[in-house]
Amino acid sequence: MSDTIILAIDQGTTSTRSMTFGTDGVPRQTVRREFAQHYPQPGWVEHDPEDIWRDTVDTLKEAAAADGGKVAAIGITNQRETVVVWDRATGKPVFNAIVWQDRRTAALCAQLKADGHEELVRARTGLILDPYFSGTKLKWILDEVDGVRARAERGELAFGTIDSFLLWRLTGGKVHATDASNASRTLLFDIHKGAWDAELLKMLDIPESLLPEVKDNSTIFGETTPDLLGHSVPIGGMAGDQQAAVVGQACFQRGDAKSTYGTGCFVLLNTGKEAVVSKNGMLTTIAYQLDGKITYALEGSIFVAGAAVKWLRDGLGLINRAADTNDMATKLEGNDGVYMVPAFVGLGAPHWDPNARASITGLTFAATGSHIARAALESVAYQTADLMNAMVADGARDARQIRVDGGMAANDWFCQFLADVLDTDVVRPANIETTAAGAAFLAGMAVGIWNGPDDIAAAWKEERIFSATMGSDQRAALMGGWQEALGRTGSRQNA
């Protein structure tokens, strides 16, 4: 089996990657492409689906060629909630993909709340009415793009999140499907019954003919067309990026927690067979579905994490590369009262304020670029603490540790500060690209390379544990400063 590999497609918000993994679960080759972000209006974020498809094909072929092993299966993981609608006959999108960060449906969500729909949404989907989720984006395309609603009602169009769009293209238009984790983020899926919900479809006026079939996270979805890799390859795993990271981090036991630091930050805590209802701004979501059995999670979603560091680089020119923030933060003894609230696209959990905007507070003439860089890193830790505190308030037990992954997890200063603020152990795995690893594990399970979660847990390895060293008074003072900074953003909960 040494020459057998699994290919994972990791289609993210700012880049598309293909990675190869051996049967030991260790990554071997990575090929990555960044693609364009489109901002037609303030608060609007779009991607060209053809850019995503082109980069998927290119990176897939390059990674497979660079590795040289025999590809046994392909797994797909994706930016969740991003919406694509395409023509069933031609496969061409009718509009740009509307990205999860997009806020154009804020007024629609507010109206739906005013009309009394949020209780139904919460009960069926575990979500809230927020522009973040797919359903209102889909309604916008149907209502605002000329001719699209009529074509949808004639059954000519297909809807999907990025995983579904890629699956359609990879299989030459033969398979229109998604997985339970991505379906659970659409506002259209009953997470208790495991099925699309007629009342929610009626609420948003969405034709059922648009929707993909919903499957387990690990199953044979279909096969690629032979021209892609020279022969057909089974597509055996699909999961939204955060659920894929749950698998990649082997968080299979109730109470296990992971936090992924990519463009945004997402904390998921495994709640087992129980769909815990949050009273503190958390989401109830499907962690994964295997053999038809659903495992649930509480989730806290932070819209801006690594994106704030990217802004320091691309927007301000303050750094040349993300790794520079480690040295800039380290050379300061403290934050000197400088806080960043990175509400560039509103605030996610637990505040859910689409109208909040980013701010930097506490600036004096003594402040430097290092203070702003440190404030960006600190803000992600404070937001993580807000999420964990909300989960504890919902009845979840304090996590004895939290497993971290994603690009920011490579930053030692950040990991230590996170451990200090959370007052718990922060565990960094040997492979911080656990999103892609989760997709590979799911695909490998479908073709018999791994037998189940126990095999995946055995393959997971830690690299370093960061333990809290900060005193309680210092921690309380820092969190107090964060709460004060939050209150200046216009957040409903903190103003």
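First things first, this report covers the structure right here in the doc.

Each value, and the rule that gives it
- Residues numbered from 1 in each chain as written.
- Predicted model: local features only at pLDDT ≥ 70, side-chain atom pairs only at ≥ 80, totals over all residues.
- Heavy atoms only, no water.
- Axes fitted to C-alpha atoms, helices over the stretch in contact; angles between N-to-C directions.
- Helix = DSSP H or I, 4+ residues; strand = E, 2+ residues; numbered from the N terminus.
- Parallel < 35°, antiparallel > 145°, perpendicular 65-115°, else oblique.
- Contact = heavy atoms within 4.5 Å.
- Nonpolar A, V, L, I, M, F, W, Y, C, P; charged D, E, K, R; others polar.
- Salt bridge = Lys/Arg side-chain N within 4 Å of Asp/Glu carboxyl O.
- Buried < 20%, exposed > 50% of the residue type's maximum accessible area, 1.4 Å probe, protein only.
- Pairing = 2+ DSSP bridges.
- Polar contact = N/O pair within 3.5 Å; in protein donor to acceptor, adjacent residues only side chain to side chain.
- Core = buried A, V, L, I, M, F, W, Y, C linked by side-chain atoms within 4.5 Å.
- Phe/Tyr/Trp six-rings, centres within 6.5 Å; stacked < 30°, edge-to-face > 60°.
- Right-handed = clockwise from strand over helix to strand, strands pointing away.
- Expected span 1.5 Å × (residues − 1).

1. Remarks on the packing of helix α13 (residues 369-393) against helix α17 (residues 472-487)
Item 1. Put simply, α13 and α17 touch, their axes get as near as 11 Å, and they point 95 degrees apart. Taken together, the axis directions place α13 and α17 in an arrangement best described as roughly perpendicular. For the pair α13 and α17, contact is made by S379, Y382, Q383, A385 and D386 and by L478, M479, W482, Q483 and L486, respectively.
Item 2. When the residues that make up the contact of α13 with α17 are grouped by side-chain class, the tally is six nonpolar, three polar and one charged.

2. Comments concerning the pattern of salt bridges
Item 1. Evaluated as defined, the whole model comprises 35 salt bridges.
Item 2. E433 is the salt-bridge partner of R17, the closest N and O atoms lying 3.0 Å from each other. Linking R17 in strand β2 (residues 15-22) with E433 in the loop between β22 (425-429) and α15 (434-446), this pair joins segments that are 416 residues apart in sequence.
Item 3. By relative accessible area, E433 is classed as partly exposed at 24%.

3. Points about the sheet that holds strand β3 (residues 27-34)
Item 1. Read across the open sheet, the six strands follow the order β3-β2-β1-β5-β14-β13; overall the sheet is mixed. Strands with a single pairing partner mark the edges of an open sheet, and in this sheet they are β3 and β13 (218-223). Strand-to-strand twist across the sheet, computed as the mean angle between neighbouring axes with direction ignored, equals 25 degrees.
Item 2. The sheet strands contacting helix α6 (residues 162-170) are β1 (4-11), β5 (70-78), β13 and β14 (234-240), and the helix crosses β5 at an angle near 145 degrees.
Item 3. Contacts from helix α10 (residues 241-248) reach β5 and β14, with the element oriented near 105 degrees to β14.

4. A word on the side chain of Q11
Item 1. Along the polypeptide, Q11 turns up in strand β1.
Item 2. Judged by its relative accessible area of 0%, Q11 falls in the buried class.
Item 3. A distance of 3.0 Å separates polar atoms of two side chains, one belonging to Q11 and the other to T16.
Item 4. Excluding anything up to four places from it in sequence, Q11 contacts T16, F35, I52, T56, T77, N78, Q79, I162 and L166.

5. Looking at the sheet that holds strand β21 (residues 401-405)
Item 1. One open sheet accounts for seven strands, arranged β17-β18-β16-β15-β21-β22-β23; its pairing is mixed. The open sheet is flanked by β17 (283-290) and β23 (462-466), the only strands paired with a single partner. Direction aside, the axes of adjacent strands within the sheet are offset by 30 degrees on average.
Item 2. Pairing geometry for β21 and β22, over three bridges, is parallel. Bridge pairing in β22 places Q401 opposite D425.

6. Structural notes on the nonpolar core
Item 1. Judged by nonpolar contacts, the single largest core of 136 residues is most densely connected at L138, I141 and F414.
Item 2. For this core, the element with the highest residue contribution is α13, accounting for 13 residues.
Item 3. When sequence neighbours within four positions are dropped, the list of residues in contact with F414 reads Y261, L377, V380, A381 and M408.
Item 4. In terms of nonpolar packing, the next biggest core, distinct from the first, is built from 32 residues, I5, A64, V84 and A97 among them.

7. Here we look at the environment of G75
Item 1. Mapping G75 onto the fold places it in strand β5.
Item 2. We classify G75 as buried; its relative accessible area is 0%.
Item 3. For the pair G75 and L290, spaced 215 residues apart in sequence, the C-alpha to C-alpha distance is 15 Å.
Item 4. Beyond its immediate stretch of four places on either side in the chain, G75 contacts L7, A8, I9, G237, A439 and A443.

8. So, the packing of aromatic side chains
Item 1. Applying the stated criterion across every chain yields a total of 21 aromatic pairs.
Item 2. Between the aromatic rings of W100 and Y132, the centroid separation amounts to 6.1 Å while the plane-to-plane angle is 65 degrees, which identifies the pairing as edge-to-face. A residue pair is termed long-range when its members are at least 10 positions apart, and W100 in the loop between β7 (97-98) and α2 (106-114) and Y132 in the loop between α3 (118-125) and α4 (134-144) qualify at 32 residues.
Item 3. Residue classification places Y132 among the buried residues on the basis of a relative accessible area of 0%.
Item 4. Seen from their ring centres, Y132 and W352 are 6.2 Å apart, and the 25 degrees between their planes marks the pair as stacked.

9. A look at the pairing of β22
Item 1. The buried count for β22 comes to four of five residues, which makes it a mostly enclosed element.
Item 2. Remark: the β21/helix α14 (residues 412-422)/β22 crossover connection has right-handed handedness.
Item 3. Here β22 pairs with β23 via four bridges, running antiparallel. Paired with V426 across the bridge in β23 is F466.

10. Section: α17
Item 1. Between its first and last C-alpha, α17 extends 23 Å over 16 residues, near the 22 Å set by a 1.5 Å rise per residue.
Item 2. Buried residues belonging to α17 abut β19 (339-341), β20 (359-361), α13 and α14.

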